[in-house]
Amino acid sequence: MSERDDRIVDREAVAQIMAGKSPRNIRYSELVSVAEKLRAAGQLADKDYLDFIGPSPEFSTIDGSRKPDWDVPMDYIGRHEMNLAFLTATGAEQRYIDFEQRLVSLYKSFEP
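Residues numbered from 1 in each chain as written. Predicted model: local features only at pLDDT ≥ 70, side-chain atom pairs only at ≥ 80, totals over all residues. Heavy atoms only, no water.

## Some remarks on the overall build of the chain
Phase 1: Check the secondary structure of the chain and you find five helices and two strands.
Phase 2: Along the chain, helices and strands appear, N-terminal first, in the series β-β-α-α-α-α-α.
Phase 3: Summarising its shape, the C-alpha atoms of the chain cover approximately 45 × 35 × 20 Å along the three principal directions.
Phase 4: Burial analysis of the chain (112 residues in total) assigns 37% to the buried set.
Phase 5: A separation of at least 24 residues holds for 62% of the contacts in the chain among residues at least 6 apart in sequence.
Phase 6: For the chain, the accessible area works out to roughly 6,900 Å², and carbon and sulfur atoms hold 54% of it.
Phase 7: Here the chain holds 15 positive side-chain charges and 20 negative ones, and the gap between their average locations is 2 Å. (Helix = DSSP H or I, 4+ residues; strand = E, 2+ residues; numbered from the N terminus. Buried < 20%, exposed > 50% of the residue type's maximum accessible area, 1.4 Å probe, protein only. Contact = heavy atoms within 4.5 Å. Areas by Shrake-Rupley, 256 points an atom, 1.4 Å probe, with all protein chains shown as cover. Lys, Arg positive; Asp, Glu negative; His and termini not counted. Charge placed at Lys NZ, Arg CZ, Asp CG, Glu CD.)

Here it is in structure tokens:
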């Protein structure tokens with residue numbers, strides 16, 4: 001077990017929920033499913049749930065139509081590491097940098 005946000009993380013419970021899945025290669029629909037299971041098991045705080053799943057990419061085209069490839073596997077850790085690097089390099093406000101650091105840490109805590 002390890003500490004995260006004043007809670008004890010049950011690595012065995014997380015491993016069972018994340019079996020065969022990784023935040024480095026996961027479909028959005030799978031991410032939502034594991035997030036719900038992690039939250040139900042007390043391993044993902046309610047306050048972190050929406051940040052963890054982020055906005056659905058399904059209808060993120062300009063005209064509001066459904067994107068055909070919206071549920072392809074994605075590297076969520078890599079995406080937020082790139083966001084963090086960009087924010088840091090461009091001198092963004094610290095609160096945005098802190099938020100991306102928190103997301104990277106959160107996703108990494110559920111890596112196999």
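## Quick look at the packing of aromatic side chains
Phase 1: Counted under the stated rule, the structure contains three aromatic pairs.
Phase 2: An angle of 85 degrees between the planes, with centres 5.6 Å apart, marks the rings of F52 and F110 as edge-to-face. One end of the pair, F52, is in helix 3 (residues 46–53); the other, F110, is in the segment after helix 5 (94–108), and 58 residues separate them in sequence. Across this residue pair, the class does not change: F52 and F110 are buried.
Phase 3: Arranged with centres 5.9 Å apart and planes meeting at 35 degrees, the rings of Y76 and Y107 form a pair that is tilted. One end of the pair, Y76, is in helix 4 (residues 76–89); the other, Y107, is in helix 5, with 31 residues separating them in the sequence. (Phe/Tyr/Trp six-rings, centres within 6.5 Å; stacked < 30°, edge-to-face > 60°.)

## Notes on the environment of V9
Phase 1: Residue position: V9 is located in strand 2 (residues 7–9).
Phase 2: Take V9: its relative accessible area is 2%, and that puts it in the buried class.

## Focus: helix 4
Phase 1: Between the first and last C-alpha of helix 4 there are 20 Å, a value that for 14 residues agrees with the 20 Å anticipated at 1.5 Å per step.
Phase 2: Tucked into the core, helix 4 has its buried residues touching helix 2 (28–40) and helix 5.
Phase 3: The backbone nitrogen of I77 lies 3.2 Å from a side-chain oxygen of the residue at the head of helix 4, namely D75.
Phase 4: Backbone geometry just downstream of helix 4 places G91 in the positive-phi region, at approximately 70 degrees. (Expected span 1.5 Å × (residues − 1). Polar contact = N/O pair within 3.5 Å; in protein donor to acceptor, adjacent residues only side chain to side chain.)

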